Amino acid sequence: MKFMKLGSKTDSFQIDGNDIRYAASELVTDIVVVIGDVKFHLHKFPLLSKCACLQKLVATSTEDNSNEADISNIPGGPASFEICAKFCYGMTVTLNAYNVVVARCAAEYLGMHETTEKGNLIYKIDVFLSSSIFRSWKDSIIVLQSTKSLLPLSEDLKIVSHCVEAIATKACVDVSKVDWSYTYNRKKLPEENGNDPSWNGVNNRAVPRDWWVEDLCELGIDLYKRVIMNIKTKAILPSEVIGEALKAYAYRRLSGFSKGMIQCADVLKYGTVVDTIDWLLPVEKGCVSCSFLLKLLKAVILLDSGNIVKEQLVRKIGQQLEEASVNDILLRTPEGESTTYDVDTVHKIVEEFFMQNQNAEIESPEEDQEIQVIRSTGILSDASKLMVAKLIDGYLAEIAKDPKLPLSKFVDLAELVSGISRPAHDGLYRAIDMYLKEHPTISKSERKKICKLMDCRKLSVDACKHAVQNERLPLRVVVQVLFFEQVRVAASSGCSTPELPKGLKDLKYGSHGSSRSAATNPEEDWDAVATAEELKALKGELAALRLSNGMGGSERNGGDIKTGFEKAAIGKMKGMLKSKKIFAKLWSSKGGQGDNSGSDSSDSLGSVIPEEAKSTPSRKRHSVS
């Protein structure tokens, strides 16, 4: 730390109790300077020769026959006046980063300018600030912190602006010219903590570009804002470094922020910090992680910072949504809301994600044809879209556990990403199964609506095994899963994939053959929950089909295998769909079964299905209604 000594006398003021101080001299004191409860018994000559303010006060007090001068309003109180008084007496005064601002403000109050006497205290302090303090990184930060208690005078004297400029300039200096001694926050370095066994006393570690971010976390939010704005104005540091600085400040100043929650003892103070960080965020995409932006959004929702801040964050998050995790986007609703999670905000974020393509397609008449072609292709890659689709599938599985989540919000969010082609629908199936499990009282039409979201052809083998035993699914879905499982087996054995049997086509388009004319309402029966007996019967029929196909295939050549399998599959499936023996219960009245789901005895998909397979090519979406 830099310091400066003024004066040569080693004398000091004598203290008589706590409130009375005397100048050590043989001369009788002739003036009493009053500062609150403290009184200084001093001599007029050394004080008046340097302090224009005291000259005026003494002139006034003489008219009133008083030897007291009340300067209780002096910045810094008795301590700052003592520094100035010692300077007047020629006593030794030590100035450093901790007391230089209060001394400068007190000297300004007392009028210790060059016009009063050459080489006065103000001149000497200004020289010390410019030649020493503002050249030191550490001292500049300390001085800037000390200016806050002396506003607005420290601002008027330009001490604040000079400190801000000095700090910003040093933060932007080339790292090759930075030594580790610049920063006093080096706790993360093993050699500084004595934890590095290879430490030999010489620091060879390269200085990173964000070496300064931890030090600035010591500043209050108002001063911090001014420093960061100055750094951004210089346009020297990349936006990623600015983003890292804002991240470090949020983690330091917002308790619990790193864990995605805020313990807000002071809502107003925390709200100011959050709003300021959001305002300071660089406009460049990727300057901070999507995870950090979502933590910031959670804080905005919790602190109710307003729609403008929220909308800005939603827009930024949408631009890099593919980076997020499910836990990141689990935004909780404020207290008093009926649902657990803020699904509407996530819906807006996904909309912003897709808006990037629309914005990229806006063509400017001034652009040449090549640029227009590039813009028309959009900026979202298939990989980014797929990551977002899988993210939303996982998110749906989590919010489905909320018993108060309306089906409409679940379906609307799922349909928002339905246009993204995924190689597997296991994640979506898991979300649907979780919703059916947590909402057993939904109607048949609602079950049909939610199951239409997934494509049974894109379920993995493990998902199919779970689905055919899932008593929560409508019978329509179970039949389709069984059929496409057989198609998969046929394809793996070298047989061609059969056409969709007429019975399953009838399911798809809602048309039923003459064999169903005896049913009172066959559409509702197909949408009813499959019972354990029906599931067992369906699997038995397909097992027989698989067996007969295998036996027949061994007696034919490749072309006959294809024809034989198609005939066997179509014939068996038609027979299965018309079989009174299998569907006797299905075509009869369901009685008390109503809209309630079947037993929840089947296991949850989360413990059965591994991570979605990516090996199969994506196909056009197939409705299972």
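Here the structure is a predicted model, which means the values were calculated and not measured. (Residues numbered from 1 in each chain as written. Predicted model: local features only at pLDDT ≥ 70, side-chain atom pairs only at ≥ 80, totals over all residues. Heavy atoms only, no water.)

**Regarding the overall build of the protein**
Alright, step 1. Along the protein, the regular secondary structure elements total 28 helices and seven strands.
Alright, step 2. Expressed as a percentage of its 625 residues, the buried residues of the protein come to 48%.
Alright, step 3. A separation of at least 24 residues holds for 73% of the contacts in the protein among residues at least 6 apart in sequence. (Helix = DSSP H or I, 4+ residues; strand = E, 2+ residues; numbered from the N terminus. Buried < 20%, exposed > 50% of the residue type's maximum accessible area, 1.4 Å probe, protein only. Contact = heavy atoms within 4.5 Å.)

**Digging into unusual backbone geometry**
Alright, step 1. The omega angle of the peptide bond from Leu-151 to Pro-152 is 5°, so this bond is cis rather than trans.
Alright, step 2. Phi angles above zero are rare outside glycine, and Lys-158 is one such case at about 65°.
Alright, step 3. With a phi angle near 55°, Ala-235 is a residue other than glycine that sits in the positive phi range.

**Quick word on the confidence of the model for the protein**
The predicted coordinates should not be examined in detail at positions where pLDDT is low.
Alright, step 1. Summing up the model confidence of the protein, the mean pLDDT is 76 and the portion of residues at 70 or higher is 66%.
Alright, step 2. This model gives residues 367-378 a pLDDT under 50, and the stretch forms 12 contacts once residues within four places in sequence are excluded.
Alright, step 3. In this model residues 576-625 is a low-confidence stretch, pLDDT under 50, and it forms 127 contacts with partners more than four residues away in sequence or in other chains. (pLDDT = per-residue confidence, 0-100.)

**Section: the pairing of strand 4 (residues 31-35)**
Alright, step 1. Where burial is concerned, most of strand 4 is hidden: five out of the five residues are buried.
Alright, step 2. The alternating pattern of strand 4 places Ile-31, Val-33 and Ile-35 on one face and Val-32 and Val-34 on the opposite face, and all of these are buried.
Alright, step 3. As paired elements, strand 4 and strand 5 (residues 38-42) share five bridges and run antiparallel to each other. Opposite Val-34, over in strand 5, you have Lys-39 as the bridge partner.
Alright, step 4. Sheet topology places strand 4 next to strand 6 (residues 68-70); three bridges connect them, and they run parallel. Its bridge partner being in strand 6, Val-34 is matched across the sheet by Asp-70. (Pairing = 2+ DSSP bridges.)

**Focus on the nonpolar core**
Alright, step 1. Counting 159 residues, the largest nonpolar core has Phe-81, Trp-212, Leu-216 and Ile-231 as the members making the most contacts within it.
Alright, step 2. Tallying contributions element by element places helix 14 (residues 290-303) first for this core, with 10 residues.
Alright, step 3. Once you skip the residues sitting within four places of it in the chain, Ile-231 turns out to touch Ala-168, Ala-171, Cys-172, Trp-212, Leu-216, Leu-237 and Ile-242. (Core = buried A, V, L, I, M, F, W, Y, C linked by side-chain atoms within 4.5 Å.)

**Some points on the packing of aromatic side chains**
Two numbers describe a pair of aromatic rings. These are the distance of the centres and the angle of the planes.
Alright, step 1. Taken as a whole and assessed by the stated rule, the structure comprises nine aromatic pairs.
Alright, step 2. For the pair Tyr-251 and Phe-292, a centre-to-centre distance of 6.5 Å together with 65° between the ring planes defines the contact as edge-to-face. One end of the pair, Tyr-251, is in helix 12 (residues 239-253); the other, Phe-292, is in helix 14, and 41 residues separate them in sequence.
Alright, step 3. Among the residues examined, Phe-292 registers a relative accessible area of 1% and is labelled buried.
Alright, step 4. Three or more aromatic residues joined by ring pairs form one cluster here, namely Tyr-251, Phe-257 and Phe-292.
Alright, step 5. The ring of Trp-279 has Lys-225 sitting right over it, with the charged end atom 4.6 Å from the ring centre. (Phe/Tyr/Trp six-rings, centres within 6.5 Å; stacked < 30°, edge-to-face > 60°. Lys NZ or Arg CZ within 6 Å of the ring centre and 35° of its normal.)

**Topic: the pairing of strand 5**
Alright, step 1. Of all five residues making up strand 5, four are buried, and the element is well covered by its neighbours.
Alright, step 2. Hairpin remark: strand 4 followed by strand 5, antiparallel, with two residues in the connecting loop; positive phi at Gly-36, about 65°.

**Digging into the pattern of salt bridges**
Alright, step 1. Considering all chains together, one arrives at 15 salt bridges under this definition.
Alright, step 2. Note that Glu-214 is salt-bridged to Arg-252, the shortest N-O span being 3.1 Å. Taken together, the residues Glu-214 in helix 10 (residues 213-216) and Arg-252 in helix 12 connect sequence positions 38 residues apart.
Alright, step 3. Taking the relative accessible area as the measure of exposure, Glu-214 reaches 22% and is therefore partly exposed.
Alright, step 4. Take Arg-252: its relative accessible area is 37%, and that puts it in the partly exposed class. (Salt bridge = Lys/Arg side-chain N within 4 Å of Asp/Glu carboxyl O.)

**Overview of the packing of helix 12 against helix 13 (residues 267-280)**
The packing of two helices is summarised by the inter-axis angle and the distance between the axes.
Alright, step 1. Running from N to C, helix 12 and helix 13 cross one another at 170°; their axes reach a closest spacing of 11 Å. Between helix 12 and helix 13, the interaxial angle falls into the category roughly antiparallel. Here Leu-246, Tyr-249, Ala-250 and Arg-253 of helix 12 lie close against helix 13, whose contacting residues are Tyr-270, Val-273, Ile-277 and Leu-280.
Alright, step 2. Across the contact of helix 12 with helix 13, the residue classes break down as seven nonpolar, no polar and one charged. (Axes fitted to C-alpha atoms, helices over the stretch in contact; angles between N-to-C directions. Parallel < 35°, antiparallel > 145°, perpendicular 65-115°, else oblique. Nonpolar A, V, L, I, M, F, W, Y, C, P; charged D, E, K, R; others polar.)

**As for the side chain of Ser-384**
Alright, step 1. Within the element layout of this structure, Ser-384 appears in helix 18 (residues 382-399).
Alright, step 2. For Ser-384, the residues in contact, after removing those within four places along its chain, are Glu-322 and Phe-353.

**Let's talk about helix 14**
Alright, step 1. End to end, helix 14 covers 20 Å across 14 residues, agreeing with the expected 20 Å (1.5 Å per residue, within 8%).
Alright, step 2. Most of helix 14 sits out of view: 13 of its 14 residues are buried.
Alright, step 3. Directly beyond the C-terminal end of helix 14, a positive phi value near 55° is found at Asp-304. (Expected span 1.5 Å × (residues − 1).)

**Notes on helix 12**
Alright, step 1. Its 15 residues give helix 12 an end-to-end C-alpha distance of 21 Å, which sits within 8% of 21 Å, the value for a rise of 1.5 Å per residue.
Alright, step 2. For helix 12, every residue scored as buried is listed here: Ser-239, Val-241, Ile-242, Gly-243, Ala-245, Leu-246, Ala-248, Tyr-249 and Ala-250.
Alright, step 3. The inward-facing, buried residues of helix 12 contact helix 10, helix 11 (221-234), helix 13 and helix 14.

**Section: the environment of Tyr-109**
Alright, step 1. Among the secondary structure elements, Tyr-109 is positioned in helix 4 (residues 100-110).
Alright, step 2. Judged by relative accessible area, Tyr-109 falls into the partly exposed class, the value being 29%.
Alright, step 3. Tyr-109 sits 55 residues away from Leu-54 along the chain, and the two C-alpha atoms are 9.9 Å apart.

**Section: the environment of Ser-132**
Alright, step 1. Secondary-structure assignment places Ser-132 in the loop between helix 5 (121-131) and helix 6 (137-146).
Alright, step 2. We classify Ser-132 as buried; its relative accessible area is 13%.
Alright, step 3. Measuring from C-alpha to C-alpha, the distance between Ser-132 and Asn-96 comes to 9.7 Å, with 36 residues separating the pair along the chain.

**Notes on the environment of Cys-172**
Alright, step 1. Inspection of the secondary structure puts Cys-172 in the loop between helix 8 (159-171) and helix 9 (190-193).
Alright, step 2. When the C-alpha atoms of Cys-172 and Trp-212 are compared, they prove to be 9.4 Å apart, with 40 residues separating the residues in sequence.
Alright, step 3. Among residues more than four places away in sequence, those in contact with Cys-172 are Ile-231, Lys-234, Ile-236 and Leu-237.

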